[in-house]
Amino acid sequence: MKGAERKEVGGVTVDVVRTGAARVKRIVYPVGFRWSQNLKAIMGTPLCMHAHVGFLAQGQISIQYADGVLETFVAPQAVAIEPGHDGWVVGEEPAILIEFDFERDTVERLELPLTHSPSAIS
């Protein structure tokens, strides 16, 4: 992406562009990726504590919250994932997520719950 800062962590490629108060990210999750196997030790938390809001442009991902609720997203699809989840790529193609965030203020600014709540699923 033009003007993006590229990072690679745990096999995931992240391109980040600042747009006003927000960031737009293109995240490429490779085939075989699973957060609990590839990023848990790096992040130092038992589950992914980031919120993910955006558009799944390619591939398929599944996420499971601490309460056991499982969700699957298949491109093309809008995505809203609350903090406190494991996630993995399903199938034989990378998953590409176009994500919008406000860094540490994402949950608050996008009015997401701090942890998964089945009643919050729309």
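Along each chain, residues carry numbers from 1 onward, in the same order as the chain's sequence is written. Restriction of local features to residues with pLDDT of at least 70 applies here, the model being predicted, together with a cutoff of 80 or more for giving and counting side-chain atom pairs; totals for whole chains, interfaces and linings are based on all residues. The side-chain quantities take in all heavy atoms of the structure and omit both hydrogens and water.

Chemist: An account of the sheet that holds strand β5 (residues 60-65) is needed here, citing residue identities and associated values.
Modeler: Strands pair in a sheet through their backbones, by hydrogen bonds, and they do so in one of two ways: parallel or antiparallel. Strand pairing is assigned whenever DSSP identifies at least 2 bridges connecting the two strands. The helix count covers DSSP runs of H or I at least four residues long, the strand count covers runs of E at least two residues long, and both are numbered beginning at the N terminus. Overall, antiparallel pairing links the three strands, which are arranged β6-β5-β8 in an open sheet. Every interior strand has two partners, whereas the edge strands, β6 (70-74) and β8 (85-90), have only one. Each strand axis lies, on average, 20° off the axis of its neighbour in the sheet, ignoring direction. Sheet topology note: the β5/β6 ladder contains five bridges and is antiparallel. Within the sheet, the bridge partner assigned to Gln60 lies in β6 and is Val74. The axes are straight lines fitted to the C-alpha atoms, using for helices just the contacting stretch, and the angles between their N-to-C directions are given from 0 to 180°.

Chemist: Tell me about the side chain of Asp15, residues and numbers included.
Modeler: With respect to the helices and strands, Asp15 occurs in strand β2 (residues 12-19). Polar contacts, as counted here, are pairs of nitrogen or oxygen atoms within 3.5 Å of one another; within protein the pair requires one atom able to donate a hydrogen and one able to accept it, and residues that are adjacent in sequence qualify only if both atoms are side-chain atoms. A distance of 2.8 Å separates the side chain of Asp15 from the side chain of Arg6, its partner in a polar contact. Separated by 2.5 Å, the side chains of Asp15 and Arg26 make a polar contact. Note on definitions: a residue-residue contact is assigned when non-hydrogen atoms from the two residues lie within 4.5 Å. Filtering out sequence-adjacent residues up to four positions away, Asp15 remains in contact with Met1, Ala4, Glu5, Arg6, Val24, Lys25 and Arg26.

Chemist: Break down the sheet that holds strand β3 (residues 22-29) for me, with residues and values.
Modeler: Here six strands make up an open sheet; going across it, the order is β1-β2-β3-β9-β4-β7 and the pairing antiparallel. Bordering the open sheet on either side are β1 (5-9) and β7 (77-81), each of which pairs with just one other strand. Averaged over all neighbouring strand pairs, the angle between strand axes comes to 25°, with direction disregarded.

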